[in-house]
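This is what each chain is made of:
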Amino acid sequence: MSLLKRLEHGAPLGAPLLPQNSDPTPVSPKPADAAMRPQPAVNQATEAQRSLKDRVKRKLISELDPSIDTTQIDEVRHRLKSLFDQIIEAENLVLTRAEKERLFEELAADVIGFGPIEPLLGDPTVSEIMVNGPKKIYYERKGRLLLSDVQFDDDDHVRRVIDRIVSPLGRHVDEASPIVDARLPDGSRVNVVIPPISLVGPTITIRKFTKEKLRVDDLIRFGSITPEIAEFLRACVHARLNIVISGGTGSGKTTLLNVMSNFIPEDERIVSIEDSAELQLAKEHWIRLETRPANIEGTGAVTARDCMKSTLRMRPDRVIVGECRGGEALDMLQAMNTGHDGSLTTGHANTPRDMLSRLETMVLMAGMDLPVRAIREQISSAVDVIVQQSRMRDGSRKVTHITEVQGMEGDKVILQDVFLFEQESFTDGKVIGVIKPTGVRPKFMPKIEDSGIQLPPSIFGLMPGFF
């Protein structure tokens with residue numbers, strides 16, 4: 001009988017099949033005793049499997065060359081497999097091929113991977129992973145949150161995986177610095193919070209990036225945009241309009257920014273600024289800048305404003321700011337107003353009007369004592385289009401507004417919706433609706449036409465020959 005079969009019957013390692021502390025003489029329990037009988041079979045099996053895994057893991061680590069380069073995954077796995085087979089043979093453990101492979105993959109994930117969450121990271125249908133302490137791991141699939149059946153052993157196990165994530169980036173997590181943002185080698189964004197800030201133990205939140213770069217056709221297939229919207233946005237990028245993508249957390253802003261950035265012509269020089277490098281542009285002439293937090297002494301920080309100042313000296317044709325969240329908004333607006341047309345950025349807001357208010361607040365965060373009217377004039381002359389991305393009730397992401405910034409009227413910035421999402425129904429847990437033109441021709445159409453692009457009036461819901 002294989003090891004795991006024995007464990008399923010509650011037998012500890014190296015013991016006969018009978019449960020521990022059992023009397024070999026069969027005794028018929030009274031019915032009333034049935035509920036009081038211990039239910040240890042599965043628990044004993046789980047504990048025995050964990051004990052086996054720990055013993056093999058300790059031996060594996062003790063015999064593994066500490067100087068081995070863990071970045072050479074194939075070489076390390078080959079070495080681990082050789083040591084693993086030797087240890088299994090030395091322990092005289094009887095395992096089926098499937099059991100052996102499963103145990104090896106678990107051990108390899110602990111030694112060179114990211115532990116129990118490795119299968120979730122490898123699952124292309126999982127878009128987000130949330131570790132709420134060692135025993136509760138949630139994941140998002142198709143916009144739905146689900147509880148995983150995988151678990152860490154304890155808080156220390158989670159901390160080891162956290163260290164494996166942040167150490168290659170030169171960052172650290174401890175009680176003095178309990179919050180850190182990082183990224184995985186594939187670009188997935190990671191946020192870590194540990195005690196004493198987190199009261200449920202170490203937490204990890206991973207926003208996964210798809211290995212295949214999403215293209216505009218994918219967004220059309222998902223229902224996020226329509227072919228007409230895609231054509232209009234492509235024209236806006238080619239015409240070097242300044243575009244702000246707004247939306248809530250997890251609404252798909254970065255994905256849309258990636259897609260729109262790929263509309264930029266190949267012969268233009270792009271400089272991007274991000275807190276955590278997430279953009280995936282299929283461009284050759286692309287310079288990536290990433291901010292850096294302060295070190296343990298509180299020095300050495302490089303902010304988005306620092307990167308922005310450097311960017312303007314790098315002769316960019318396009319400036320892309322991954323997300324405006326502070327004083328860099330002022331530098332971004334000034335760049336848009338001083339010859340760096342065609343810039344793109346994202347920001348957190350629920351509506352295009354809210355995005356304007358957020359920009360005002362972020363400009364004030366730069367520490368400049370500017371009057372509100374001056375700030376609004378900067379915004380109205382810098383920003384041409386606001387694209388609102390929203391996450392719907394069913395978990396789908398859709399563009400809900402494409403809004404033109406028309407200018408100032410008195411002390412107010414005038415906005416005009418060019419496209420607007422209309423929800424038709426909510427059927428079988430799905431949001432049914434489509435983004436439609438409002439019948440308004442944008443005032444920046446001459447700029448699009450000057451770039452050699454002719455959009456049919458039907459895109460805006462107008463009759464042929466309207467313009």
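This structure is a prediction, so every number in the text was calculated from the model and none was measured.

## Section: the overall build of the chain
Part 1 of the argument: Check the secondary structure of the chain and you find 14 helices and 15 strands.
Part 2 of the argument: Burial status across the chain gives 45% buried among its 467 residues.
Part 3 of the argument: If you take every contact in the chain between residues at least 6 apart in sequence, the share linking residues at least 24 apart comes to 53%.

## Some thoughts on the sheet that holds strand β14 (residues 412-427)
Part 1 of the argument: In space, the nine strands of this open sheet follow the order β9-β8-β10-β11-β7-β12-β13-β14-β15, with mixed pairing throughout. Each edge of the open sheet is held by one strand with a lone partner, namely β9 (286-290) and β15 (430-437). Within this sheet the neighbouring strands show an average axis-to-axis angle of 25°, counted without direction.
Part 2 of the argument: Its contacts with the sheet place helix α10 (residues 304-311) against β8 (270-274), β9 and β10 (318-321), and it is angled at close to 170° to β8.
Part 3 of the argument: Against the sheet, helix α13 (residues 372-382) contacts β13 (397-409) and β14, and its axis sits at roughly 120° relative to β13.

## Let's talk about the side chain of histidine 340
Part 1 of the argument: Looking at the secondary structure, you find histidine 340 in the loop between α11 (328-337) and β11 (344-348).
Part 2 of the argument: Judged by relative accessible area, which is 14%, histidine 340 ranks as buried.
Part 3 of the argument: Setting aside residues no more than four positions away along its own chain, histidine 340 makes contact with Asn242, Leu312, Pro316, Val319 and Ala335.

## Comments concerning the confidence of the model for the chain
Part 1 of the argument: With 85% of its residues at a pLDDT of 70 or more, the chain shows a mean pLDDT of 82.
Part 2 of the argument: At the low end of the mean pLDDT range in the chain sits helix α1 (residues 3-8), at 38; at the high end sits strand β7 (residues 243-247), at 96.
Part 3 of the argument: Below a pLDDT of 50 lies the segment residues 1-42, which in the model reaches 41 contacts outside its immediate sequence neighbourhood of four places, other chains included.

## Here's the deal with the packing of aromatic side chains
Part 1 of the argument: For the structure shown, the criterion picks out five aromatic pairs.
Part 2 of the argument: A centroid spacing of 6.1 Å and a plane angle of 35° characterise the contact between phenylalanine 419 and phenylalanine 460, whose relative ring orientation is tilted. With phenylalanine 419 in strand β14 and phenylalanine 460 in the segment after α14 (445-450), this residue pair connects regions lying 41 residues apart in the sequence.
Part 3 of the argument: Using a relative accessible area of 1% as the deciding quantity, one classes phenylalanine 419 as buried.
Part 4 of the argument: Taken together, the aromatic side chains of Phe232, Phe419, Phe444 and Phe460 make up a single cluster linked through ring pairs.
Part 5 of the argument: Residue placement shows lysine 81 over the ring face of phenylalanine 104; its charged tip is 5.7 Å from the ring centre.
Part 6 of the argument: Positioned above the aromatic ring of phenylalanine 426, the side-chain terminus of arginine 393 is 3.9 Å from the ring centre.

## Some points on the sheet that holds strand β6 (residues 203-207)
Part 1 of the argument: Pairing is antiparallel across the open sheet formed by six strands, whose spatial order is β3-β2-β1-β6-β5-β4. The open sheet has two free edges, formed respectively by β3 (144-147) and β4 (179-183), since each of these has just one partner strand. Averaged over all pairs of adjacent strands, the angle between strand axes in this sheet comes to 20°, irrespective of strand direction.
Part 2 of the argument: Across five bridges, the pairing between strand β1 (residues 126-132) and strand β2 (residues 137-141) is antiparallel. Paired with isoleucine 129 across the two strands is tyrosine 139, which belongs to β2.

## Details of the pattern of salt bridges
Part 1 of the argument: Evaluated as defined, the whole model comprises 19 salt bridges.
Part 2 of the argument: The shortest N-O distance in the salt bridge between lysine 283 and glutamate 266 comes to 3.2 Å. With a gap of 17 residues between them, lysine 283 in the loop between β8 and β9 and glutamate 266 in the loop between α9 (253-261) and β8 connect regions that are remote in the sequence.
Part 3 of the argument: On the basis of relative accessible area, lysine 283 is assigned to the buried category, the value being 12%.

Conventions we followed
Residues numbered from 1 in each chain as written. Predicted model: local features only at pLDDT ≥ 70, side-chain atom pairs only at ≥ 80, totals over all residues. Heavy atoms only, no water. Helix = DSSP H or I, 4+ residues; strand = E, 2+ residues; numbered from the N terminus. Buried < 20%, exposed > 50% of the residue type's maximum accessible area, 1.4 Å probe, protein only. Contact = heavy atoms within 4.5 Å. Pairing = 2+ DSSP bridges. Axes fitted to C-alpha atoms, helices over the stretch in contact; angles between N-to-C directions. pLDDT = per-residue confidence, 0-100. Phe/Tyr/Trp six-rings, centres within 6.5 Å; stacked < 30°, edge-to-face > 60°. Lys NZ or Arg CZ within 6 Å of the ring centre and 35° of its normal. Salt bridge = Lys/Arg side-chain N within 4 Å of Asp/Glu carboxyl O.

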